[in-house]
Amino acid sequence: MGKHGTPDDTGSDGAVSESTAGESSAETSSPTAPAATGPDADLSALDGAGAENAKVTAVVDVTDVDPRLADPEVVAEAVAPQRDINTQVGGALLEVRGLTVQFGGLKALDDVTFDIKRGEIFGLIGPNGAGKTTCFNAITGVYSPSAGSVTFDNKPLGRVKRHEITRRGIARTFQNVRLFGEMTALENVVVGTDARHKTSVFGAALRSRRHYREERDAVDRGMALLEFVGIGARAAEQAKNLAYGDQRRLEIARALATEPKLLCLDEPAAGFNPSEKTALMGLIQKIRDDGYTVLLIEHDMRLVMGVTERIVVLEFGRKIAEGTPSEVRENPAVINAYLGVPDDEIA
Ligand SMILES: Nc1ncnc2c1ncn2[C@@H]1O[C@H](COP(=O)(O)OP(=O)(O)O)[C@@H](O)[C@H]1O
Ligand SMILES: [Mg+2]
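This one's a predicted model, so the numbers in the text were calculated from it and none came from an experiment.

Asker: A description of the overall build of the protein chain should follow, citing residues and the corresponding values.
Answerer: A count of helices and strands for the protein chain gives 14 helices and ten strands. Of all 347 residues assigned to the protein chain, the portion counted as buried reaches 50%. Look at the contacts in the protein chain between residues 6 or more apart in sequence, and 71% of them connect residues 24 or more apart.

What follows is the structure, given as structure tokens:
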């Protein structure tokens, strides 16, 4: 896609229609992402100039909330996934077999097969329109594939509903930022935590003891998550007032709040300048080092080369290459696929 998003992005993300609080608020996206965010008018302040325009309110000292959060190792420990995963580290956590998604006459995804191993950062790349987001959407239950299968942590995903997919351990961020603009950063993350809870943080009419405990845990973990992604000081700020880059980080924190077995990031660096991209790569590596498995979708090859262990390249819905970053970089089919794409997107 273009540096700041193109209408192609809308075809896939824009088709999302259902909403669950744990996953997203504004379910429709706009062709001019990241500046616009569809129907979520609260997010009108979301653009590259957000940092300058942002109304600075309370700055939170995370150590006031919990003194232990001064120690990055404690933060990393609090953020690390605690849940049981059947797949051993290095084993196939996600198995995609012959996945095909058809829109009318167009095969947006055509017989695509790959594995994501537990503990790795896996890159799914390809030029704009290659089918990356469609692949994501088929994996995460937004689209029903017309053929193929997806197995996650040794269980078939089949036609599992989206909230069930979150519960099973796949979390994602969207190509276009989707946050609850009026809620604070912390609240946005607690909503993500909620997806894993037995009682609903915001919906519970009967405030059981268990509910209180979970809510407190969610707040503690939420603060740790915000600190982990680098925006702890902004915890009390409304999401719409955060700088664009901080909103992207908040989305990642919210996805991590569900303690996913697999974290899927759809072009998380969209709209970033080179130094922000470098910083984001650092964060993605930190997330992996903390025990997560990451699927990273990118059209910017350089970003993916620097951070992934293995890469699958899509073009026109088909897998054209698979391998390590250096193998993929040398692959004539990949070079060909990226011919004509502006240098700043390949580099
Ligand atoms: N909901 C949809 N309806 C029809 N066509 C779609 C839809 N979503 C995506 N497409 C088409 O499928 C192809 C792949 O799109 P997408 O997966 O968004 O590519 P990428 O994320 O790699 O840029 C494109 O030609 C796009 O226009
Ligand atoms: Mg896409």
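Having seen the structure, we can now continue with the description.
Asker: Please provide a residue-by-residue account of the sheet that holds strand E1 (residues 92–103), values included.
Answerer: On the basis of which strands lie adjacent, the open sheet formed by four strands has the order E2-E1-E4-E5 and antiparallel pairing. Where the open sheet ends on each side, the last strands, each with one partner, are strand E2 (106–117) and strand E5 (155–156). Note: E1 against E2, eight bridges, orientation antiparallel. Bridged to Val-96 within E2 is Phe-114.

Asker: So what's going on with helix H9 (residues 244–257)? Which residues, and what values?
Answerer: Helix length check: H9 (14 residues) gives 20 Å between terminal C-alpha atoms against 20 Å at 1.5 Å per residue, within 8%. Of all 14 residues making up H9, 14 are buried, and the element is well covered by its neighbours.

Asker: I'd like a description of helix H4 (residues 72–79), backed by residues and values.
Answerer: By the burial criterion, the buried members of H4 are Val-75, Ala-78 and Val-79. Mapping the buried residues of H4 onto a view down its axis gives an arc of 95 degrees, with all of them on the same face.

Asker: Residues and numbers for the nonpolar core, please.
Answerer: Core analysis: the biggest nonpolar cluster contains 87 residues, and Leu-225, Leu-226, Leu-263, Val-294 and Leu-296 have the highest contact counts within it. Counting only domains with at least three residues in this core, you end up with domain 1 (57–80 + 184–258) and domain 2 (87–169 + 260–346).

Here is what the cut-offs are and how they apply
- Residues numbered from 1 in each chain as written.
- Chains lettered and ligands numbered in written order.
- Predicted model: local features only at pLDDT ≥ 70, side-chain atom pairs only at ≥ 80, totals over all residues.
- Helix = DSSP H or I, 4+ residues; strand = E, 2+ residues; numbered from the N terminus.
- Buried ≥ 20, exposed ≤ 12 C-beta atoms within 10 Å, placed from the backbone.
- Contact = placed C-beta atoms within 7 Å.
- Pairing = 2+ DSSP bridges.
- Expected span 1.5 Å × (residues − 1).
- Arc of directions from axis to C-beta.
- Core = buried A, V, L, I, M, F, W, Y, C linked by C-beta atoms within 7 Å.
- Domains from an automatic or database assignment.

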